Amino acid sequence: MARHVVCHNCAAVNRLAAGRTAAAAKCGTCGQALFNGQPVDADAEILRRQISRSDIPVLIDVWAPWCGPCRMMAPAYAEAAKILEPEVRLAKLNSQEN
Ligand SMILES: [Zn+2]
């Protein structure tokens, strides 16, 4: 079954044919890899698009720059993106800016 994946770079919706390896897929709009092993730095609009248009689960870290535990967790969250992509899209939302 085909899946839809939202590009981390340009937020274009890409349709992946059944059986196609998502890890190696490139965006049809901007040409970048659909997954780069890093959480998407999202604003509200990008997050809405990732959630509403992706057929894969989206894991969101809502963080704040002044929050010590948020900052401590950031490296582990980035590491998790390397492990969980392309089955899961990881995103970060700065709660101070959004
Ligand atoms: Zn793109």
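Only a predicted model underlies this, so the values are computations on that prediction, with no experimental measurement involved.

Peer 1: I keep staring at the sheet that holds strand β4 (residues 58-63) and nothing clicks. Help me out?
Peer 2: Hydrogen bonds between backbone groups are what pair the strands of a sheet, and the pairing can be parallel or antiparallel. Spatially, 3 strands are ordered β3-β5-β4 in an open sheet, and the strand pairing comes out parallel. Lying at the two open borders of the sheet, with one neighbouring strand each, are β3 (40-42) and β4. The sheet shows a mean angle of 30° between the axes of neighbouring strands, direction not considered. Relative to strand β5 (residues 89-94), β3 runs parallel, the two sharing 3 bridges.

Peer 1: I would appreciate a short explanation of the environment of Ile83 in the present structure.
Peer 2: Mapping Ile83 onto the fold places it in helix α2 (residues 68-84). For the pair Ile83 and Gln38, spaced 45 residues apart in sequence, the C-alpha separation works out to 9.9 Å.

Peer 1: Can you help me understand the pattern of salt bridges in this one?
Peer 2: Side-chain pairs of opposite charge can arise where the charged atoms are in close proximity. This structure, assessed with the given rule, holds 3 salt bridges. Across the salt bridge formed by Arg48 and Glu45, the nearest N and O atoms sit 2.6 Å from each other. Residue Arg48 and its partner Glu45 are located together in helix α1 (residues 44-53), separated by 3 residues, close to a single helical turn. With relative accessibility at 45%, the residue Arg48 sits in the partly exposed group. Between Arg89 and Glu85 there is a salt bridge; the shortest N-O distance is 3.7 Å. This pair shows no difference in class: Arg89 is buried, exactly as Glu85 is.

Peer 1: What exactly am I supposed to notice about the coordination of the zinc ion here?
Peer 2: Ideal donor angles around a metal are set by the shape: a four-donor tetrahedron calls for 109.5 degrees, a six-donor octahedron for 90 or 180 degrees. Donor atoms from the polypeptide that coordinate the zinc ion comprise Cys7 (SG), Cys10 (SG), Cys27 (SG) and Cys30 (SG), at 2.3 to 2.4 Å from the metal. Metal-centred angles of 104 to 115° between the 4 donor atoms at the zinc ion mark the site as tetrahedral. On the primary sequence, the residues serving as donors to the zinc ion are separated as C-x2-C-x16-C-x2-C. Residue classification places Cys7 among the buried residues on the basis of a relative accessible area of 1%. We classify Cys10 as partly exposed; its relative accessible area is 32%.

Peer 1: Honestly, the packing of aromatic side chains in this entry has me stumped. Any pointers?
Peer 2: Within a pair of aromatic rings, the relevant descriptors are the distance that separates the centres and the angle that separates the planes. All chains considered together, the criterion is met by 0 aromatic pairs. Its end group placed over the ring of Trp63, Lys92 keeps NZ or CZ at 5.1 Å from the ring centre.

The rules behind the values
Throughout this description, residue numbers start from 1 for each chain and increase along the sequence as written. Reporting in this predicted model follows two pLDDT cut-offs: at least 70 for local features of residues, and 80 or more for side-chain atom pairs to be given and counted; totals over whole chains, interfaces and linings ignore these cut-offs and use all residues. Values reported for side chains reflect all heavy atoms of the structure, with hydrogen atoms and water molecules removed beforehand. Strand pairing is defined by DSSP finding a minimum of two bridges between the two strands. Only DSSP runs of H or I with at least four residues qualify as helices, and only runs of E with at least two residues qualify as strands; both kinds are numbered from the N terminus onward. Working convention: axes come from line fits to C-alpha atoms, limited for helices to the stretch in contact. Angles between N-to-C directions cover 0 to 180 degrees. Salt bridges, as used here, are contacts in which a Lys or Arg side-chain nitrogen is within 4 Å of a carboxyl oxygen on Asp or Glu. Only protein chains enter the calculation, and the probe is 1.4 Å; a residue is then buried if its accessible area is under 20% of its type maximum, exposed if over 50%, and partly exposed in between. Only nitrogen, oxygen and sulfur atoms count as donors, using a 2.8 Å cut-off from the metal that widens to 3.2 Å for Na, K and Ca. Water is left out, so coordination shells may look unfilled. Under this scheme a four-donor centre is tetrahedral when all angles range from 85 to 135 degrees, a four-donor centre is square planar and a six-donor centre octahedral when opposite donors are above 155 degrees with the rest from 65 to 115, and any other centre is irregular. Aromatic rings from Phe, Tyr and Trp, taking only the six-membered ring of Trp, are treated as a pair when their centres fall within 6.5 Å; an angle between ring planes under 30 degrees marks them as stacked, one over 60 as edge-to-face, and anything in between as tilted. Two conditions define a charge located above a ring, namely a distance within 6 Å from the ring centre to NZ of Lys or CZ of Arg, and an angle within 35 degrees of the ring normal.

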